[in-house]
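Close look at the chain arrangement
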Amino acid sequence: MKNETPIIGVTLGDATGIGPELIVKSFQDTEIRDLATWVIVGDKRVFEQGQSIAGLELDAKEVDHIDQVEKKNSSIYFIDLGNLETSEYELGTLSNESGKVTGETLKYVLNLAKEKKIDGVIYGPLNKEALHRGGHHFQDELHFFADLLDCEEGFSEINVMQDLWVTRATSHIPLKNVSEHVTKERIVQRIQFANKTLKEAGIENPKIVVSALNPHAGEGGMLGNEEIDYIIPAIKEMQEDGVNVQGPYPADTLFLRLDKDPFDCLLAMYHDQAQTGMKLLGFNRGVTMSGGLPITLTTPAHGTAFDIAGKGIADPGATKEAIKMVVRMNTNAKQGKVTNN
């Protein structure tokens, strides 16, 4: 049976950054447009500003409601929320009002997801501080999404760059608090999450490696006991359950292992332990995915890039990869590539 065309929701991201420009540039690509039916949601004035910055036009049919959308590959629709004047913010400058509207727009799109009107979401880069100042008081966008989708557990952020997937035991918390969150239960849950997510992406037996928390993997307890007390027991438990997981390995050499002993997914212990290596490998190719939620959400792994906002030079490479990823995950889910492992 032929796969049904997915309907993917699109938001422009924070209007003060490069998101609108990236969305306009990405959908100039015929290969990208042909993947699904696209519904861009936002303010038409911000969308037009993005086109002006990109020096490009994007033909999108304006509709008032999602029910007016017809499923047809390469069709692009636009729902104008009329919620942000371009005069209310300055490009490249953090804006409370833009943060407020960014969150409101995401709420609108995620409500469409809850109503099963759309099959996935690709969103332009956000600014966490702007979201918070705009009244959306969550730890990060992942917890914002989870709350809106009534999801209490089992979700996590995962980054993808070509064939490498990276997730984390902890994410957007102060470094001084990391060790107290590194528990056996959390490591087990994150290994299970990584294994399930990669299988949903079509990788049959994903190889997962786990980073140590401490220098030199703790040196047998001389530099910390988290490896002995929590990380190693979690890995052993998952190995006994048949998961292809190894470690813990010292964090400073993990990315060097890719050449001699390739792996599919890295489970890091904290944010920069994972993100530094990923961004050095390919800053303009990385994708961030909010996994474990009822619907897949993706975004480019870079931020709003205030320093180049409005200049028309933003690289859409990571945005295109994020678009491809949300379609890939949706297609695999419909084909039943979901496991309980």
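Residues numbered from 1 in each chain as written. Predicted model: local features only at pLDDT ≥ 70, side-chain atom pairs only at ≥ 80, totals over all residues. Heavy atoms only, no water.

- Labelled according to an unreviewed UniProt entry, the chain appears under the name PdxA family protein, originating from Ornithinibacillus salinisoli.

1. Focus on the pattern of salt bridges
- Scanning the entire structure with this criterion turns up 16 salt bridges.
- The partner of Glu237 in a salt bridge is Lys184, with the nearest N and O atoms 2.9 Å apart. Of this pair, Glu237 sits in helix α9 (residues 226-240) while Lys184 sits in helix α8 (residues 184-200); the two residues are 53 residues apart in sequence, bridging distant segments of the chain.
- Judged by its relative accessible area of 27%, Lys184 falls in the partly exposed class.
- Through salt bridges with shared partners, a single ionic network connects Asp43, Arg45 and Glu85. (Salt bridge = Lys/Arg side-chain N within 4 Å of Asp/Glu carboxyl O. Helix = DSSP H or I, 4+ residues; strand = E, 2+ residues; numbered from the N terminus. Buried < 20%, exposed > 50% of the residue type's maximum accessible area, 1.4 Å probe, protein only.)

2. Focus: helix α4 (residues 96-114)
- Its 19 residues give α4 an end-to-end C-alpha distance of 27 Å, which sits within 8% of 27 Å, the value for a rise of 1.5 Å per residue.
- Buried residues of α4: Ser98, Gly99, Val101, Thr102, Gly103, Thr105, Leu106, Val109, Leu110, Leu112 and Ala113, and no others.
- Those residues of α4 that are buried lie in contact with β1 (7-11), β2 (37-42), β5 (120-123), α5 (128-133), α6 (141-148) and β12 (296-300).
- Between the side-chain oxygen of the N-cap and the backbone nitrogen of Glu97 there are 3.3 Å, and the N-cap of α4 in question is Ser95.
- In the segment just after α4, Lys116 is the residue with positive phi, at about 60°. (Expected span 1.5 Å × (residues − 1). Contact = heavy atoms within 4.5 Å. Polar contact = N/O pair within 3.5 Å; in protein donor to acceptor, adjacent residues only side chain to side chain.)

3. A closer look at the sheet that holds β12
- The strand order β3-β4-β2-β1-β5-β12-β11-β6-β7-β10-β8-β9 describes an open sheet built from 12 strands, whose pairing is mixed. Of all the strands in the sheet, the pair left with one neighbour each is β3 (61-63) and β9 (245-249). Shown here is a sheet whose adjacent strand axes are inclined to one another by a mean of 25°, direction ignored.
- Bridge count for β3 against strand β4 (residues 76-80) is three bridges, and the pairing is parallel. Of the residues in β4, the one forming a bridge with Glu62 is Phe78.
- Docked against the sheet, α9 engages β8 (208-211) and β9, running at close to 165° with respect to β9. (Pairing = 2+ DSSP bridges. Axes fitted to C-alpha atoms, helices over the stretch in contact; angles between N-to-C directions.)

4. A few points about the nonpolar core
- The biggest cluster of nonpolar side chains holds 55 residues, and the ones touching the most others in it are Phe27, Trp38, Ile40, Trp165, Ile191 and Met269.
- When neighbours within four sequence positions are excluded, Phe27 is seen to be in contact with Val10, Ile32, Arg33, Trp38, Leu58, Ile76 and Ile323.
- Residues Val39, Val63, Leu293 and Ile295 belong to the second largest nonpolar core, which totals 29 residues. (Core = buried A, V, L, I, M, F, W, Y, C linked by side-chain atoms within 4.5 Å.)

5. Section: the packing of aromatic side chains
- Across all of its chains, the model carries five aromatic pairs by this definition.
- Taking 5.0 Å as the distance between ring centres and 65° as the angle between the ring planes, the aromatic pair formed by Phe27 and Trp38 counts as edge-to-face. With Phe27 in the loop between α1 (19-26) and α2 (30-33) and Trp38 in strand β2, this residue pair connects regions lying 11 residues apart in the sequence.
- Summarising the aromatic geometry, the rings of Tyr123 and Phe145 are spaced 5.2 Å apart at their centres and angled 75° between planes, so their arrangement reads as edge-to-face. Residue Tyr123 is located in strand β5, and its partner Phe145 is located in helix α6; the two are separated by 22 residues in the primary sequence. For the pair Tyr123 and Phe145, a shared accessibility class is recorded, and that class is buried.
- Taken together, the ring pairs connect Tyr123, Phe138, Phe144 and Phe145 into an aromatic cluster.
- Above the ring of Tyr249, the side-chain terminus of Arg257 is found at 3.8 Å from the ring centroid. (Phe/Tyr/Trp six-rings, centres within 6.5 Å; stacked < 30°, edge-to-face > 60°. Lys NZ or Arg CZ within 6 Å of the ring centre and 35° of its normal.)

6. Comments concerning α6
- Within α6, six of the eight residues are buried, leaving the element largely enclosed by the surrounding structure.
- Along α6, the residues that are buried comprise Glu141, Leu142, Phe144, Phe145, Ala146 and Leu148.
- Of the surrounding secondary structure, the elements contacted by the buried residues of α6 are α4, β5, α5, β6 (156-161), β11 (287-291) and β12.
- For α6, the N-terminal cap is Asp140; the gap from its side-chain oxygen to the backbone nitrogen of Leu142 is 3.3 Å.
- Once α6 ends, the next one or two residues include Asp150, with phi positive near 60°.

7. Observations concerning the pairing of β9
- Strand direction decides the pairing type here: β8 and β9, joined by three bridges, are parallel. Bridged to Val209 within β9 is Gln246.

8. Looking at the environment of Ile313
- Checked against the element boundaries, Ile313 lands in the loop between β12 and α12 (317-334).
- Exposure remark for Ile313: the relative accessible area of 57% places this residue in the exposed category.
- Note: C-alpha distance between Ile313 and Pro262 (51 residues apart in sequence) is 34 Å.
- With residues near it in sequence (within four places) discarded, Ile313 still touches Glu21, Lys25 and Ile308.

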